[in-house]
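Below are the chains, spelled out letter by letter.
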Amino acid sequence: MALFVTDPKGWRALLRRVASATRADDAEDLLHAAFVKLQEYRDRATITNPAAYLVRTAVNLAHDEHRGPAAREGRLRTDPIGLVDDMPLQDEVFAARARLVRVQRALGELSPRTRQVFLMHRLERMKYREIADQLGITVSAVEKHIAKAALFLAERMKDD
């Protein structure tokens, strides 16, 4: 998997495929999210064609993004008389809080720059180009910081 992270040509080729398949201006973000999903999934199964998996997952994420909240409402739990209960169960809340603590600890182990870049992208929803401009680094450096953080977090969280 390190091939996509260390080979800029391979990453750019995937990025072009995602951009052409989705016609989205956030192809980088979609590909990054797909990469994180790939890291999580490969702990459970063997992936014979990681590039195809990344492109398909990025396209699916783009479709999910465009469905909007109306489509997601159908995923809420309902009771027999039709009342909607969108609150998480207590054990889900407990598990989520435990995961959050593990993520916070893992983030604390990252280098300050990698953590900053990763949080700017994931929490502040900044695009790679925006992060690069704000920090005075290249987009390639942003990609590497985010990939490094994603790999590190995926490894630390693989027991979840």
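Residues numbered from 1 in each chain as written. Predicted model: local features only at pLDDT ≥ 70, side-chain atom pairs only at ≥ 80, totals over all residues. Heavy atoms only, no water.

Participant: Sorry if this is basic, but what is going on with the packing of helix α5 (residues 90-109) against helix α8 (residues 139-156) here?
Facilitator: Think of two packed helices as two axes; the pair is described by the angle between the axes and how far apart they sit. Two numbers describe how α5 lies on α8: the axes approach to 10 Å, and their chain directions differ by 135°. Classified by the angle their axes make, α5 and α8 are oblique. Where α5 crosses over α8, the handedness of that crossing is right-handed. Each of V103, A106, L107 and E109 in α5 lies in contact with α8, whose residues at this interface are F152, L153 and R156. (Axes fitted to C-alpha atoms, helices over the stretch in contact; angles between N-to-C directions. Helix = DSSP H or I, 4+ residues; strand = E, 2+ residues; numbered from the N terminus. Parallel < 35°, antiparallel > 145°, perpendicular 65-115°, else oblique. Left-handed = near helix turned anticlockwise from the far one by under 90°. Contact = heavy atoms within 4.5 Å.)

Participant: What exactly am I supposed to notice about the confidence of the model for the protein chain here?
Facilitator: For residues with low pLDDT, the predicted coordinates do not support detailed interpretation. For the protein chain, the mean per-residue pLDDT works out to 80, and 81% of the residues sit at or above 70. Within the protein chain, strand β1 (residues 77-78) has the poorest average pLDDT of any element, 50, and helix α7 (residues 128-135) the best, 96. (pLDDT = per-residue confidence, 0-100.)

Participant: What's the story with the environment of T57 in this structure? I'm lost.
Facilitator: Counting through the fold element by element, T57 comes out in helix α4 (residues 50-72). Here T57 falls in the buried class, since its relative accessible area comes to 10%. When the C-alpha atoms of T57 and F35 are compared, they prove to be 8.6 Å apart, with 22 residues separating the residues in sequence. Discounting residues that sit within four places of it in the chain, T57 has contacts with A34 and K37. (Buried < 20%, exposed > 50% of the residue type's maximum accessible area, 1.4 Å probe, protein only.)

Participant: What am I meant to see in the nonpolar core here?
Facilitator: Looking at soluble globular proteins, one finds that nonpolar side chains tend to be buried together. Core analysis: the largest hydrophobic core is formed by 18 residues, its most contacted members being L14, V18, L30, L31 and L54. Taken together, the elements giving at least two residues each to this core come down to α2 (8-22), α3 (27-41) and α4. Per element, the largest residue contribution to this core is seven residues, and it comes from α4. The next biggest cluster of nonpolar side chains, apart from the first, holds 16 residues, and it includes L110, M120, Y128 and I146. (Core = buried A, V, L, I, M, F, W, Y, C linked by side-chain atoms within 4.5 Å.)

Participant: Mind showing me how you'd approach the packing of α7 against α8 here?
Facilitator: Running from N to C, α7 and α8 cross one another at 110°; their axes reach a closest spacing of 8 Å. Relative to α8, α7 is oriented roughly perpendicular. Within the contact between the two elements, α7 uses Y128, R129, I131 and A132 and α8 uses V139, V142, E143 and I146. Grouping the amino acids of the contact of α7 with α8 by side-chain chemistry returns six nonpolar, no polar and two charged. (Nonpolar A, V, L, I, M, F, W, Y, C, P; charged D, E, K, R; others polar.)

Participant: Before we go on, may I ask you to explain the environment of F152 in this structure?
Facilitator: Structurally, the position occupied by F152 is in helix α8. Separated by 42 residues in the primary sequence, F152 and L110 place their C-alpha atoms 8.2 Å from one another. Once residues lying within four places of it in the same chain are set aside, the contact partners of F152 are A106, E109 and L110.

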